[in-house]
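Next come the chains, spelled out residue by residue.
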Amino acid sequence: MSRKCLFPFSNIVLNPNGSVSPCCKYNLNKVDTEIDIETLYDKNIKELFYQPAMEKIRNDFLNGIEPEACKACWDEESAGITSLRQHRDNVARWHLSKRDNYPIRYQDPKIITMDLKFSSLCNLKCRICGPYCSSNWLKESQDTGEFHEHTIKIFGKYAERKFVKREVNFDIFKELIPDLHIIEFYGGEPLMQPEHARIMDMLKNYPNVKKLGIELFYNTNGTIYDETISEVWDKMALVEFNISLDDIGPRFEYQRHPAKWTEVIDNIKQYQDKAKDNVKISLYTTISMYNIFYIDELIKFNADNLKCNLKFNLLHWPDKMSIKNLPTNIKHIIKAKVESLDEQSLSYVQNIFGIKEVISFMLDNEGSTDDLAEFIKVTNLHDDYRNESFATTFPEYWSLLNETN
Ligand code: SF4
Ligand code: SF4
């Protein structure tokens, strides 16, 4: 029997360029040439959900065709990993067992979950990021010549406010509220987005919204403390608030320029103080070439100070920033550092994708010396532009990289 997926029938991902897709992993192999054509510039959010390209994906699944653009899921399932498709299926079945009216709709597609990346508007220019995700990267990318001018122009459009310009999108959102189950806010920086503020207002004022059991998910960079947000959160069934924290002190500031370490820590503590039982605050750590060497210090800092759930996200792209590119001797030093951590410090690391899996990925995958050289080149390029220094901010790591390179 062919495999089916609930996402195209119930979910919409809004991308910073204004296009939509059924999930965040669809078409990573770029074989669907139709899905990116229609955008918020010409269509509203409902028209995009029912557009021919989305209908085609739904019809394929209904007719027993497994779309080629879903390769990410098919590959993971072949490798025995629970794919996004399977995860969604499990979640839906769990909800169905608790809530009779949970909509699993293969025949009657309807938006019940939304992943909203309204634009690339962001106040940071993290080293692992670029002008495709953050508006704050645009000028530096242009000045340093890292991206072609034509590409920068395209990325510039990602920063435009497309959803908020068309009032009809908010009317549609209001219509959708009674059916909504999950809303995800990603960036750019979601707490800077005017669309997020409008949606919070609409949820706050919607009659009996608490009874609807809506869940909110965030990834935020932690630089903004929004004290009005908790009024809305109180009315939600669940809020998962992930704050990006990849390192500590000056190394954090180097990686997430121009964020200020003490301000972000104060914000995290304020969110923790305000959080009721339905709000889960987690640290979201993207593991890259920049932070892997000192990951033990972040784990320890969290255990001693914040005591947050710690979630790891392995960076795979850009290739040059993947930890697989490290020389073998450095990989083993990192492994030994992590193994010396005490149980109590490790107890905050989320189990599904924990530190052991990070270390296995690093040891089992071989990168390329070209990518390592490219990592150092790009790091130097932006050090010069920002008047920062990898060598003085990461002295021990830098000398090991130099010895082996
Ligand atoms: S099968 Fe996977 S890639 Fe395809 S729509 Fe479902 S979750 Fe997305
Ligand atoms: S906060 Fe997020 S979107 Fe902004 S620069 Fe950093 S990684 Fe990119």
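A short tour of the structure in this document, coming up.

The rules we used
Each chain has its residues counted from 1, following the order in which its sequence is written. All chains are assigned letters beginning with A, and all ligands numbers beginning with 1, in the order in which they are written. Local features in this predicted model are restricted to residues whose pLDDT is 70 or higher, and side-chain atom pairs enter the listing and the counts only when it is 80 or higher, whereas totals over whole chains, interfaces and linings include all residues. Paired strands, as defined in this entry, are two strands with at least two bridges between them according to DSSP. Helix and strand definitions here come from DSSP, where helices need a minimum of 4 consecutive H or I residues and strands a minimum of 2 consecutive E residues; each element is numbered from the N-terminal end. The contact criterion used here is simple: two residues whose C-beta atoms, placed from the backbone, lie within 7 Å are in contact. The axes are straight lines fitted to the C-alpha atoms, using for helices just the contacting stretch, and the angles between their N-to-C directions are given from 0 to 180°. Each residue receives a C-beta atom placed from its backbone. It is near a molecule or strand if this atom lies within 6 Å of it. Residues were grouped as follows: Ala, Val, Leu, Ile, Met, Phe, Trp, Tyr, Cys and Pro as nonpolar; Asp, Glu, Lys and Arg as charged; and all remaining residues, including Gly, as polar. Think of a nonpolar core as buried Ala, Val, Leu, Ile, Met, Phe, Trp, Tyr and Cys residues chained together by C-beta atoms that fall within 7 Å. For every residue, the other C-beta atoms within 10 Å of its own C-beta are counted; 20 or more classify it as buried, 12 or fewer as exposed, and values in between as partly exposed. C-beta atoms are placed from the backbone. Handedness of a crossing is defined here by the sense of rotation of the near helix relative to the far one, left-handed for an anticlockwise turn of less than a right angle and right-handed for a clockwise turn. A helix's residues, less one, multiplied by 1.5 Å, set its expected span. These descriptions rest on fixed angle ranges, namely under 35 degrees for roughly parallel, over 145 for roughly antiparallel, 65 to 115 for roughly perpendicular, and the rest for oblique.

1. Some points on the sheet that holds strand β8 (residues 309-314)
Here is step 1: Sheet architecture is open: eight strands sit in the order β2-β1-β3-β4-β5-β6-β7-β8, paired in mixed fashion. Looking along the sheet, the strands with just one partner apiece sit at the ends: β2 (20-21) and β8.
Here is step 2: Pairing of strand β7 (residues 279-287) with β8 involves six bridges; the strand directions are parallel. Across the sheet, T286 pairs through a bridge with N313, a residue of β8.
Here is step 3: Strands in contact with helix α13 (residues 295-306) are β7 and β8; relative to β7, the strand with the most contacts, it is inclined by about 165°.

2. Thoughts on the site of ligand 1
Here is step 1: In the vicinity of ligand 1 there are 13 residues, among which C5, C23, C70, C73 and R85 approach most closely.
Here is step 2: At the level of secondary structure, the elements contributing two or more residues to the shell around ligand 1 comprise α1 (7-10), α4 (71-78) and α5 (84-98).
Here is step 3: In the shell around ligand 1, the residues fall into ten nonpolar, one polar and two charged.

3. Here we look at the site of ligand 2
Here is step 1: The environment of ligand 2 is made up of C122, L124, K125, C126, C129, C133, S134, G187, G188, E189 and N221.
Here is step 2: Across the shell around ligand 2, the residue classes tally to five nonpolar, four polar and two charged.

4. Re the nonpolar core
Here is step 1: Counting residues in hydrophobic clusters, the biggest one holds 72 residues, and the most contacted among them are I12, F49, I183 and I292.
Here is step 2: For this core, the element with the most residues is α13, which contributes four residues.
Here is step 3: Apart from residues lying up to four places away in sequence, F49 is in contact with I12, V20, M54 and I111.
Here is step 4: Formed by twelve residues, the second largest nonpolar core is a distinct cluster that contains C122, C129, L138 and F155.

5. Looking at unusual backbone geometry
Here is step 1: Here H257 and P258 are connected by a cis peptide whose omega angle stands at -5°.
Here is step 2: The amide bond that connects W317 to the next residue, P318, takes the cis arrangement and shows omega of 0°.
Here is step 3: The topology assignment puts P318 in the loop between β8 and α14 (328-339).
Here is step 4: The phi angle at K30 is positive, at roughly 55°, despite the residue not being glycine.
Here is step 5: You can see K30 is positioned in the loop between β2 and α2 (45-49).
Here is step 6: Taking the C-beta count within 10 Å as the criterion, K30 has 9 such neighbours and is therefore assigned exposed.
Here is step 7: With phi around 60°, N387 is a residue other than glycine that occupies positive phi space.
Here is step 8: Locating N387 in the fold gives a position in the loop between α17 (369-386) and α18 (390-393).

6. Some remarks on the packing of helix α8 (residues 167-176) against helix α9 (residues 194-205)
Here is step 1: Following both chains from N to C, one finds α8 and α9 inclined at 35°, their axes separated by 11 Å at the closest point. Relative to α9, α8 is oriented so that their crossing is right-handed. Packed against α8, whose contacting residues are F170, F173 and K174, the element α9 presents R198, I199 and M202 at the interface.
Here is step 2: Each residue belonging to the contact of α8 with α9 can be placed in one class, and the counts come to four nonpolar, no polar and two charged.

7. A few points about the pairing of strand β5 (residues 215-220)
Remark: a regular strand shows side chains that alternate across the two faces of the sheet.
Here is step 1: As paired strands, strand β4 (residues 182-185) and β5 are joined by four bridges and run parallel to one another. Bridge pairing in β5 places F185 opposite Y218.
Here is step 2: Here six bridges tie β5 to strand β6 (residues 238-244), and the two strands are oriented parallel to one another. The partner of L216 across the bridge, within β6, is V239.

8. Quick word on α17
Here is step 1: For α17, built from 18 residues, the straight-helix expectation of 26 Å at 1.5 Å per residue is met to within 8% by its first-to-last C-alpha distance of 26 Å.
Here is step 2: With its phi angle positive at about 60°, N387 sits one or two positions after the end of α17.

9. Let's talk about the packing of α14 against helix α16 (residues 355-364)
Here is step 1: Following both chains from N to C, one finds α14 and α16 inclined at 165°, their axes separated by 10 Å at the closest point. With respect to their mutual orientation, α14 and α16 come out roughly antiparallel. Crossing geometry of α14 relative to α16 is assigned as left-handed. Contacts between α14 and α16 pair K331, K335 and V338 from the former with I355, I359, M362 and L363 from the latter.
Here is step 2: Residues belonging to the contact of α14 with α16 are distributed by class as follows: five nonpolar, no polar and two charged.

10. So, the environment of E146
Here is step 1: Its location among the elements puts E146 in the loop between α6 (138-144) and α7 (149-158).
Here is step 2: Between the C-alpha atom of E146 and that of N309, which follows or precedes it by 163 residues, the distance is 36 Å.
Here is step 3: Excluding residues within four positions of it along the chain, E146 makes contact with S141 and L381.

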